[in-house]
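Coordinates in review
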Protein chains: 2
Amino acid sequence: MSIMVVGSLAFDTVKTPYGEVKDALGGAATYFSLAASYFSPVSVVAVVGEDFGDEHLEVLERHGVDTSGVERVAGRSFRWGGEYSWNLNQRTTLFTELNVFEDFDPKLPAGFRKLPFVFLANIDPGLQRSVLEQVESPELVACDTMNYWIERTPDALRSLLGQVDVLVINDDEARELAGVYNLVEAAAAIRELGPSALIIKRGEHGALAFFGDEMFSAPGFPLEKVADPTGAGDSFAGGFMGYIAKHGEAGATALRRAVIAGSVMASFCVERFSVEGLCDLDSGQIARRYRAFQLLTDFGDF
Amino acid sequence: MSIMVVGSLAFDTVKTPYGEVKDALGGAATYFSLAASYFSPVSVVAVVGEDFGDEHLEVLERHGVDTSGVERVAGRSFRWGGEYSWNLNQRTTLFTELNVFEDFDPKLPAGFRKLPFVFLANIDPGLQRSVLEQVESPELVACDTMNYWIERTPDALRSLLGQVDVLVINDDEARELAGVYNLVEAAAAIRELGPSALIIKRGEHGALAFFGDEMFSAPGFPLEKVADPTGAGDSFAGGFMGYIAKHGEAGATALRRAVIAGSVMASFCVERFSVEGLCDLDSGQIARRYRAFQLLTDFGDF
């Protein structure tokens, strides 16, 4: 089944100890769409500027992504610049230019309103909610957010969370949103706000999921070379939602496998700069990396 | 089969956000022995002072630990004091008194020399080696170390590692020993020094094992309440070695399960202060926690 994602298509300028790129294709919706495209059809809702050429949209379209919900307006696209520390564990934002995103007022094409799986990537919770209001009875809604919105627009965020099935955030965000350090306690507090499932991304340490009365832990894949962590969280979300949409359900078993599918896509993402690690993969590579996660974690009975 | 461990029996003064203890039973060999005792017979080699009373030895003996290799000499026992940060992730050492350990010259009782499984807890690599020289053809030798020895006695440590099958250290130690940040690269470099298997402890993030051409990742168990992280690493090593000694072999499958057994014992350790979390467990509790690790990590086929 199909997924709709709303979020940024952007240009990133990134420096890591292993190289740098300038004005490279990036943005949460870009990473999400490419990662999800290996599992399910994806339709993207976003705004770009005149600098976002057909060649950029074609990267998405080449992966089957429906870009008819991408509005192109006068001005420059969203741009972000950042630099990673020597061990890749700390990121300094050098600049954030909202540009055309500043006046973004998402309008869903008619064909998008009945899409069953919805992912609201990290943008203003008010925009996330306005998208949700245009969708007719989706089967599952997931969203991301960040500290900026947790601090600046707590009411809008809480109102949104009441309408969301799955929240996908990182560990610092979970702690800040819940106001408690321990992740088990934080998860319980956050799920009280609405989401029946919470996925906590922990960077190189993997992900921790809470759903029903279950916990599920997925490791980060131990890679010998990580080129650029940018987009790992959005790629994770893409693989996660892609798996769920492909199987058309989000029961406990599907959620566990979806978390691994997300981890697989994140591990491909970080191996190369920009979206290169997510382009032109084949299903064999994805199945082999999934199998590598099984070998990494299997241990059997006592 | 039986395990011999050499290391400290000590008194710890520990403060965490959840309480404090003064001169509580501690020491690497204490945590190790108690954790291992649930799987296999354990014999301990250590030195204590006159302040280490029979009531302290009885904590070990009550768990079947053979303390005939514990020498009691004039002076005070090893003492350590430390305080943990609000989130338990940083530890400040307030004092370290080697006391009777300063002149420790381990002499193995005759009955200990043929014990098949040997664990050299974190002490001077010269002492670790002198113990190893008194052992007759052990089946498997594992050891721990710390940054202090990596920096101060690199030659003695390297010489020891050439005679060790399994090295169990934390991530910072692995990075420092290998001189490289990436853990996959660090593992390869460290295994060149001798150990065929390397287990990297990552605190709340679990453990990562390298053996043969395999990697294995175990999560830390997400606990709602952690009282005191002291001894977690030694409890891990105890559960790990205990499992291997119980099954009498260290093939790939046994190593994976041993890492989980270690993780189980570490999770019990941190739930209470001092060694309380490791005392008077029953086999049902251990089997249930192992099962909880299975539920935490199982995901099955793509």
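Here is what the cut-offs are and how they apply
Residues numbered from 1 in each chain as written. Chains lettered and ligands numbered in written order. Predicted model: local features only at pLDDT ≥ 70, side-chain atom pairs only at ≥ 80, totals over all residues. Heavy atoms only, no water. Core = buried A, V, L, I, M, F, W, Y, C linked by side-chain atoms within 4.5 Å. Buried < 20%, exposed > 50% of the residue type's maximum accessible area, 1.4 Å probe, protein only. Helix = DSSP H or I, 4+ residues; strand = E, 2+ residues; numbered from the N terminus. Contact = heavy atoms within 4.5 Å. Phe/Tyr/Trp six-rings, centres within 6.5 Å; stacked < 30°, edge-to-face > 60°. Lys NZ or Arg CZ within 6 Å of the ring centre and 35° of its normal. Pairing = 2+ DSSP bridges. Axes fitted to C-alpha atoms, helices over the stretch in contact; angles between N-to-C directions. Buried area = accessible area lost by both parts, 1.4 Å probe. Salt bridge = Lys/Arg side-chain N within 4 Å of Asp/Glu carboxyl O. Polar contact = N/O pair within 3.5 Å; in protein donor to acceptor, adjacent residues only side chain to side chain. Nonpolar A, V, L, I, M, F, W, Y, C, P; charged D, E, K, R; others polar. Least-squares fit on C-alpha atoms with pLDDT ≥ 70 in both. Patch = residues over 30% accessible without salt bridge, like charges linked within 9 Å, V, L, I, M, F, W, Y side chains within 5 Å. Areas by Shrake-Rupley, 256 points an atom, 1.4 Å probe, with all protein chains shown as cover. Lys, Arg positive; Asp, Glu negative; His and termini not counted. Charge placed at Lys NZ, Arg CZ, Asp CG, Glu CD. Arc of directions from axis to C-beta.

**Let's talk about the nonpolar core**
The tendency in soluble globular proteins is for nonpolar side chains to be buried side by side. By size, the foremost hydrophobic cluster in this structure holds 109 residues, and its most contacted members are B:Leu9 and B:Phe240. Ranked by the residues each element gives to this core, the list is headed by helix H9 (residues 252–269) of chain B, at 10 residues. Not counting residues up to four positions away in its chain, the partners in contact with B:Phe240 are B:Val166, B:Ile199, B:Leu255, B:Ala258, B:Val259, B:Ala261 and B:Gly262. Among the nonpolar cores identified, the runner-up in size contains 67 residues, and A:Val48, A:Val59, A:Phe119 and A:Val275 belong to it.

**Let's talk about the packing of aromatic side chains**
The final tally for this structure, using the stated rule, is 28 aromatic pairs over all chains. On the numbers, 4.5 Å between centres and 5° between planes, the contact of B:Phe32 with B:Phe119 is stacked. Taken together, the residues B:Phe32 in helix H1 (residues 28–37) and B:Phe119 in strand E8 (residues 117–120) connect sequence positions 87 residues apart. The burial state of B:Phe32 is the same as that of B:Phe119; both residues are buried. Counting every residue linked through ring pairs, the aromatic cluster contains A:Phe39, A:Phe216, A:Tyr243, A:Tyr290, B:Phe299 and B:Phe302. The ring of A:Phe221 carries A:Arg289 above its face, with NZ or CZ at 5.2 Å from the centroid.

**A look at the sheet that holds strand E11 (residues 197–201) of chain B**
All names here are of chain B. As summarised here, the arrangement of the 9 strands in space is E5-E4-E1-E8-E9-E10-E11-E12-E13, forming an open sheet in which the pairing is mixed. Edge strands, defined here as strands with exactly one partner in the open sheet, are strand E5 (66–72) and strand E13 (214–218). The average undirected angle you get between the axes of adjacent strands in this sheet is 15°. In terms of strand pairing, strand E1 (residues 3–6) meets E8 through 4 bridges, oriented parallel. Within the sheet, the bridge partner assigned to Met 4 lies in E8 and is Val 118. Against the sheet, helix H8 (residues 232–247) engages E1, E8, strand E9 (140–143), strand E10 (166–170), E11 and strand E12 (207–211), with an angle of about 170° to E8. Across the face of the sheet, H9 comes into contact with E11, E12 and E13 while running at roughly 20° to E13.

**A closer look at the interface of chain B and chain A**
Taken together, the contact between chain B and chain A spans 39 residues of the former and 39 residues of the latter. Note on chain B versus chain A: buried area summed over both sides is about 3,700 Å², and carbon and sulfur give 58% of it. Sorting the residues of chain B by area buried against chain A places B:Tyr181, B:Phe299 and B:Phe302 first, and these three jointly supply 24% of that buried surface. For the pair chain B and chain A, the number of links is 4 salt bridges. For A:Arg202, the salt bridge is made with B:Glu204, and the minimal N-O distance between the two is 3.8 Å. Counting across the chain B and chain A interface gives 24 residue pairs in polar contact (both at pLDDT 80 or more). Looking at the side of chain B that touches chain A, the elements with two or more residues in it are helix H7 (183–192), E13, H9 and helix H10 (283–297) of chain B. If one sorts the elements of the side of chain B that touches chain A by residue count, H10(B) sits on top with 8 residues. Split into classes, the residues belonging to the side of chain B that touches chain A amount to 21 nonpolar, 8 polar and 10 charged.

**A look at the relation of the copies chain B and chain A**
Superposition of chain B onto chain A requires a rotation of 180° combined with a translation of 0.0 Å along the rotation axis, giving an RMSD of 0.0 Å. Classification of the inter-copy transformation places it as that of a two-fold axis. Most of the interface of chain B is mirrored in chain A: 100% of its interface residues are interface residues there too.

**Observations concerning the side chain of A:Ser85**
Residues and elements named next belong to chain A. Considering the arrangement of structural elements, one finds Ser 85 in the loop between strand E6 (78–84) and strand E7 (91–97). Relative accessible area serves as the criterion here: at 18%, Ser 85 is assigned to the buried category. A polar atom in the side chain of Ser 85 sits 2.9 Å from the side chain of Asn 87. Residues within four places of Ser 85 in sequence aside, it is in contact with Pro 17 and Gln 90.

**Observations concerning a negative patch on the surface**
Residue and element names in this part refer to chain A. On the surface, Glu 55, Glu 58, Glu 61 and Asp 66 cluster together into a patch of negative charge. A per-element tally of the negative patch places helix H2 (residues 54–61) first, with 3 residues. Counting through the fold element by element, Glu 58 comes out in helix H2.

**Some words on the environment of A:Asp144**
Residue and element names in this part refer to chain A. Inspection of the secondary structure assignment puts Asp 144 in the loop between strand E9 (140–143) and helix H4 (147–152). Assessed through its relative accessible area of 6%, Asp 144 is described here as buried. A C-alpha to C-alpha distance of 8.7 Å links Asp 144 and Asp 234, two positions 90 residues apart in sequence. Aside from chain neighbours lying at most four places away, what touches Asp 144 is Phe 119, Leu 120, Ala 121, Asn 122, Gln 128, Val 168, Ile 169, Glu 173, Lys 201 and Asp 234.

**Section: unusual backbone geometry**
Here the phi dihedral of A:Ser274 falls at roughly 50°; this positive angle occurs in a residue that is not glycine. Note that A:Ser274 resides in the loop between helix H9 (252–269) and helix H10 (283–297). One non-glycine residue, B:Asp23, lies in the positive phi region at around 50°. Tracing the backbone shows B:Asp23 in strand E3 (residues 19–26).

**Focus on the pattern of salt bridges**
All names here are of chain A. Within this structure, the stated rule accounts for 30 salt bridges over all chains. In this structure, Arg 79 engages Asp 51 in a salt bridge whose closest nitrogen and oxygen atoms are separated by 2.6 Å. Taken together, the residues span a long stretch of sequence, with Arg 79 in strand E6 and Asp 51 in the loop between strand E4 (42–48) and H2 at a distance of 28 residues. A salt bridge links Asp 105 to Lys 107; the shortest N-O distance between them is 2.7 Å.

**Description of helix H2 (residues 54–61) of chain B**
Residues and elements named next belong to chain B. All of the buried residues along H2 are His 56, Leu 57, Val 59 and Leu 60. In a view along the axis of H2, the buried residues occupy a sector of 145°, so they form one face of it. Contacts made by the buried residues of H2 are with strand E2 (10–16), E3, H1 and E5.

**A closer look at the pairing of E11(B)**
Consecutive side chains along a regular strand alternate between the two faces of the sheet. Residue and element names in this part refer to chain B. The buried fraction of E11 is high, at 5 of 5 residues. Burial along E11 is two-sided: Ala 197, Ile 199 and Lys 201 facing one way and Leu 198 and Ile 200 facing the other are all buried. Bridge count between E10 and E11: 5 bridges; the pairing is parallel. When the bridges of E11 are listed, Leu 167 appears paired with Leu 198.

The analysis is restricted to geometry; functional conclusions fall outside its scope.
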